[in-house]
Amino acid sequence: MEYKIAVVDTTFARVDMAKYALEALSKFPDVKTIQSTVPGIKDLAVECKKLLEKADIAIALGWVGGAEIDKQCAHEASIGIQMAKLQTSKHILEVFIFEFEGTPSEVKSIAEDRARKHAVNAYNLLANPTILKNNAGQGIRQGKSDVGKL
Amino acid sequence: MEYKIAVVDTTFARVDMAKYALEALSKFPDVKTIQSTVPGIKDLAVECKKLLEKADIAIALGWVGGAEIDKQCAHEASIGIQMAKLQTSKHILEVFIFEFEGTPSEVKSIAEDRARKHAVNAYNLLANPTILKNNAGQGIRQGKSDVGKL
Amino acid sequence: MEYKIAVVDTTFARVDMAKYALEALSKFPDVKTIQSTVPGIKDLAVECKKLLEKADIAIALGWVGGAEIDKQCAHEASIGIQMAKLQTSKHILEVFIFEFEGTPSEVKSIAEDRARKHAVNAYNLLANPTILKNNAGQGIRQGKSDVGKL
Amino acid sequence: MEYKIAVVDTTFARVDMAKYALEALSKFPDVKTIQSTVPGIKDLAVECKKLLEKADIAIALGWVGGAEIDKQCAHEASIGIQMAKLQTSKHILEVFIFEFEGTPSEVKSIAEDRARKHAVNAYNLLANPTILKNNAGQGIRQGKSDVGKL
Amino acid sequence: MEYKIAVVDTTFARVDMAKYALEALSKFPDVKTIQSTVPGIKDLAVECKKLLEKADIAIALGWVGGAEIDKQCAHEASIGIQMAKLQTSKHILEVFIFEFEGTPSEVKSIAEDRARKHAVNAYNLLANPTILKNNAGQGIRQGKSDVGKL
């Protein structure tokens, strides 16, 4: 069995998130990846939909600027991603980084961590759903440390 | 007659809400459950859609963090769930917990109560619609005590 | 000719709005009603869609709590209702009561008035569209007194 | 060639906007209009969709009250209209008046002006697309005076 | 191979953005353009959908006024554009200018720069996806200077 995972990122992003996602996926011998780049977050949904014609799951790597209006743009991009998932009946892991999440260097390491962990999530959704099931309700986080169970 | 109920939860949640939902459902001898876990709330809609190919109703157990942006994420997840319901013509009970609803221990018991009560609601929608009809307009709440009729 | 009107309400509501809607509809000898109850506003859209397989129009009776987040919930419910209308190409009259509209007793009478008047609107959309046409631009209100033409 | 234009308005509106739209359209000998009235803005999208089964374009005349929540209602109505356009692949000119746009008498003349001008836009989209093309980027406004090119 | 690119703009805009987009596209000998103009941003999505019946990609050139409500209008327009992309499985580059982005003369040059650069993006998505791939995560901007990689 081979799993096909699509990775889509943007030229808008300030960190090469795809590199980290692909690195994380390269550890799984049964994964094949396809990759493409679009200008910005609002272009992710339709690109994922297109790649999902030949992939089993997609990872949408988005970067959200620090202005107030950028949150609205992220919202629109995210609604589009919901539509794309439901039209394809496949998962698209939305990996969005917001510049307000920290200083530039913090945001950079959030981006790396979130991209890596969601790449593993994508793989587990396809190949190891019981790993996710065992972590249900455990306060798992991407981009930061897990916060744990209450 | 047997009713098939899908329960979907997340690794993001800080309480094992599925446990409570499944416990509540275990009291109905005519219910069979299927369960899966996704990373976060935005992944619930498509997972429910997928499970609804073989289930009659779904329960989407989501956890919303305490940051302002998390409300936007919940909104996107919820729009996706509306789409999934309307595409499948089946109910998906959206059971979302917001961290701002109380202190950690309050939120924990809200989560348990809401998961249990909506599991029963899911069963009643399928098996006992007259129980819901008899409670129409009665100020029934999940997560808290009922507020009653005005 | 007989008109079939679906009435859907919630257990969350604090007023038995369906009672008023059904009372108003009972005055039309050519109306047959079907009714069901769901837990909350977000469950209305798909229930209306299901009932519209056998009804000509639906009335969605919703109740919105007084917390800030409840407006977001109403928004999601309303988007779902827009989707349901457009998928069925049938009207769904959205009758939402917001707790912030007044004191408990004011809200109660708003709920009664709005449910009754929109029940008549539902009937007129099917049976007497010219009554609506004659009231175009007249500042007609449901829940409160008409405000009139400017 | 004859163009069929649907005009939909509401009983909620405080100005008879359809009158102005129809007056403006009556100057085009090759236009035939169909008209209907719904209770409020959220009912416009599905009514337009229904009329677009026999019309080439629709004009949705909506009125938005002055309360904060009314903007949310307008938003939901507008999302519905986007859906209706994309499902029919036909234009629906959304002509919404917000009460906060001015004093009652200002709002009244905004409503007249906007309804008239968008009626002409609807005609031009069907019959004279080059008129629109010649005005591209010219700061054309409906409801107010044109603001012109920067 | 010839690429067909649709350019849609509005009469509402205060800058002739289509001129810049078309100028930028004229440098590619293998591009053929089709163009049309609609009244405002909310009309862009369905017009793009219609032109995408014969084009490979679309550029939606929108202008957003400076009032608070205009952001909501942009949001609705943008949701419509997401729907149009996903219904056609083709890219629509959303090129929106917000009046609050600067003084009139700043906004004018933002509009020119953004229209030109997104026209090139549209071409690259069709003809040179590796150019986009090479710029992944590089902090590329349209309307302003690139901000670069962190």
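### Details of the overall build of chain A
Secondary structure summary: chain A contains 5 helices and 4 strands in total. Each helix and strand of chain A, placed in order from N terminus to C terminus, yields the pattern β-α-β-α-β-α-β-α-α. Here chain A has a C-alpha radius of gyration of 15 Å; the compact-globule value for 150 residues is 15 Å, and the two agree. Across its three principal axes, chain A shows a C-alpha extent of roughly 45 × 40 × 25 Å. Each of the 150 residues in chain A was classed as buried or not, and the buried ones make up 59%. Expressed as a percentage of contacts within chain A between residues at least 6 apart in sequence, the contacts between residues at least 24 apart total 70%.

### Things to note about the relation of the copies chain D and chain C
Mapping chain D onto chain C calls for a screw motion: a turn of 72 degrees about the axis and a shift of 0.0 Å along it, with 0.0 Å RMSD after fitting. Taken together, these values place the two copies in the relation of a five-fold axis. Looking at the interface residues of chain D, only 7% of them are also at the interface in chain C, so each copy uses its own face.

### Points about the relation of the copies chain E and chain A
In summary, the two copies of the chain are related to each other by a rotation about an axis coupled with a shift along it. Once turned by 72 degrees and shifted 0.0 Å along the axis, chain E lies on chain A with an RMSD of 0.0 Å. Interface overlap between copies is the fraction of interface residues in one copy that are interface residues in the other; for chain E against chain A it is only 8%, indicating separate surfaces.

### Details of the confidence of the model for chain A
Residues of chain A with pLDDT of at least 70 account for 100%, and the chain-wide mean is 98. Prediction confidence for the complex, expressed as pTM and ipTM, is 0.98 and 0.97 respectively.

### Observations concerning the interface of chain E and chain A
Counting residues at the interface gives 26 residues for chain E and 30 residues for chain A. When residues of the side of chain E that touches chain A are traced back to their parent elements, those giving at least two are helix 3 (68-88), strand 4 (92-98) and helix 5 (129-134) of chain E. No other element matches the 8 residues that helix 3 of chain E contributes to the side of chain E that touches chain A. Grouping the constituent residues of the side of chain E that touches chain A by class yields 11 nonpolar, 10 polar and 5 charged.

### Section: the arrangement of the chains
The smallest C-alpha distance separating chain A from chain D is 12 Å, and no contact links them. A gap remains between chain B and chain D, with no contact made and the closest C-alpha atoms lying 12 Å from each other.

### Section: the packing of helix 3 (residues 68-88) of chain A against helix 3 of chain E
It is the contact of helix 3 of chain A with helix 3 of chain E, at a shortest axis distance of 10 Å, that shows an interaxial angle of 25 degrees. Judged on the interaxial angle alone, helix 3 of chain E and helix 3 of chain A are roughly parallel. Relative to helix 3 of chain E, the crossing made by helix 3 of chain A is right-handed. Residues A:I69, A:Q72, A:E76, A:I79, A:G80, A:M83, A:A84 and A:Q87 of helix 3 of chain A lie in contact with helix 3 of chain E, whose contacting residues are E:K71, E:H75, E:S78, E:I79, E:Q82, E:M83 and E:L86. Of the residues that constitute the contact of helix 3 of chain A with helix 3 of chain E, the class distribution is 7 nonpolar, 6 polar and 2 charged.

### What to know about the environment of C:G143
Residue and element names in this part refer to chain C. Of note, G143 is situated in the segment after helix 5 (129-134). For the pair G143 and L132, spaced 11 residues apart in sequence, the C-alpha separation works out to 17 Å. With sequence-adjacent residues up to four places away left out, G143 is seen in contact with I110, D113 and R114.

### Here we look at unusual backbone geometry
All names here are of chain A. Backbone geometry at S89 places phi at a positive 55 degrees, although glycine is not the residue there. Mapping S89 onto the fold places it in the loop between helix 3 and strand 4 (92-98). On the basis of neighbour counts, which here come to 14 C-beta atoms within 10 Å, the residue S89 falls in the partly exposed class.

### Structural notes on helix 3 (residues 68-88) of chain C
Residues and elements named next belong to chain C. For helix 3, with 21 residues, the first-to-last C-alpha span of 31 Å sits near the 30 Å given by 1.5 Å per residue. Burial analysis of helix 3 places 15 of its 21 residues in the buried class, which makes it a mostly covered element. Among the residues trailing helix 3, S89 stands out with phi positive, at a value near 55 degrees.

### Side note on the interface of chain D and chain C
Contacts between the two partners involve 30 residues from chain D, matched on the other side by 26 residues from chain C. Contributions of two or more residues to the side of chain D that touches chain C are made by helix 1 (17-25), strand 2 (31-38), helix 2 (44-51), helix 3 (68-88) and helix 4 (104-127) of chain D. In terms of residue class, the side of chain D that touches chain C is built from 15 nonpolar, 6 polar and 9 charged.

### Regarding the sheet that holds strand 3 (residues 57-64) of chain C
Residue and element names in this part refer to chain C. Spatially, 4 strands are ordered 2-1-3-4 in an open sheet, and the strand pairing comes out parallel. With partners counted over all chains shown, the strands left at the sheet margins are strand 2 (31-38) and strand 4 (92-98), one partner each. Here the average twist between neighbouring strands, direction ignored, is 15 degrees. As paired strands, strand 1 (residues 3-10) and strand 3 are joined by 4 bridges and run parallel to one another. Residue pairing for strand 3: A6 is matched across the bridge by A58. Across the sheet, helix 2 (residues 44-51) lies against strand 1, strand 2, strand 3 and strand 4, angled at about 155 degrees from strand 1, the strand it touches most.

### Things to note about helix 1 (residues 17-25) of chain C
Residue and element names in this part refer to chain C. The element helix 1 is largely enclosed, with a buried count of 7 among its 9 residues. Where helix 1 is concerned, the buried positions are M17, A18, Y20, A21, L22, A24 and L25. Residues of helix 1 that are buried in the fold lie against strand 1, strand 2, strand 3, strand 4 and helix 4 (104-127).

### A word on the pairing of strand 3 (residues 57-64) of chain E
Residue and element names in this part refer to chain E. For strand 3, a buried count of 8 out of 8 residues is recorded, marking the element as mostly surrounded by other parts of the structure. Both faces of strand 3 are covered, namely the face carrying I57, I59, L61 and W63 and the face carrying A58, A60, G62 and V64. With helix 3 bridging strand 3 and its parallel neighbour strand 4, the resulting β-α-β unit is right-handed.

### Quick notes on the packing of helix 1 of chain C against helix 4 of chain C
Residues and elements named next belong to chain C. Two elements in contact, helix 1 and helix 4, have axes separated by 8 Å at closest approach and are oriented at 40 degrees. As judged from the angle between their axes, helix 1 and helix 4 are oblique. Crossing of helix 1 over helix 4 shows right-handed handedness. Between helix 1 and helix 4, the residues in contact are M17, Y20, A21, A24 and L25 and A111, E112, A115, R116, A119, V120 and Y123, respectively.

### Here's the deal with the sheet that holds strand 2 (residues 31-38) of chain E
Residues and elements named next belong to chain E. Taken together, the 4 strands give an open sheet; going across it, the order is 2-1-3-4, and neighbouring strands pair in parallel fashion. Because the sheet does not close on itself, it has two edges, and the strands there are strand 2 and strand 4. In this sheet, adjacent strand axes meet at a mean angle of 15 degrees when their direction is disregarded. Sheet strands in contact with helix 1 (residues 17-25) are strand 1 (3-10), strand 2, strand 3 and strand 4, and its direction is about 165 degrees off that of strand 1. Strand contacts of helix 4 (residues 104-127): strand 1, strand 2, strand 3 and strand 4, with the helix running at about 170 degrees to strand 4, the strand carrying the most contacts.

### Remarks on the environment of B:A13
Residue and element names in this part refer to chain B. For A13, the position within the fold is in the loop between strand 1 (3-10) and helix 1 (17-25). Given 27 C-beta atoms within 10 Å, A13 falls into the buried group. Considered as a pair, A13 and G62 are 49 residues apart in the sequence and their alpha carbons are 6.8 Å apart.

### Thoughts on the environment of C:P104
Residues and elements named next belong to chain C. For P104, the location among the structural elements is in helix 4. For P104, a count of 10 C-beta atoms within 10 Å translates into the label exposed. The sequence separation of P104 and E94 amounts to 10 residues, and the corresponding C-alpha distance is 21 Å.

What counts and what doesn't
- Residues numbered from 1 in each chain as written.
- Chains lettered and ligands numbered in written order.
- Predicted model: local features only at pLDDT ≥ 70, side-chain atom pairs only at ≥ 80, totals over all residues.
- Helix = DSSP H or I, 4+ residues; strand = E, 2+ residues; numbered from the N terminus.
- Rg over C-alpha atoms; globule rule 2.2 N^0.38 Å.
- Buried ≥ 20, exposed ≤ 12 C-beta atoms within 10 Å, placed from the backbone.
- Contact = placed C-beta atoms within 7 Å.
- Least-squares fit on C-alpha atoms with pLDDT ≥ 70 in both.
- pLDDT = per-residue confidence, 0-100.
- Nonpolar A, V, L, I, M, F, W, Y, C, P; charged D, E, K, R; others polar.
- Axes fitted to C-alpha atoms, helices over the stretch in contact; angles between N-to-C directions.
- Parallel < 35°, antiparallel > 145°, perpendicular 65-115°, else oblique.
- Left-handed = near helix turned anticlockwise from the far one by under 90°.
- Expected span 1.5 Å × (residues − 1).
- Pairing = 2+ DSSP bridges.
- Right-handed = clockwise from strand over helix to strand, strands pointing away.

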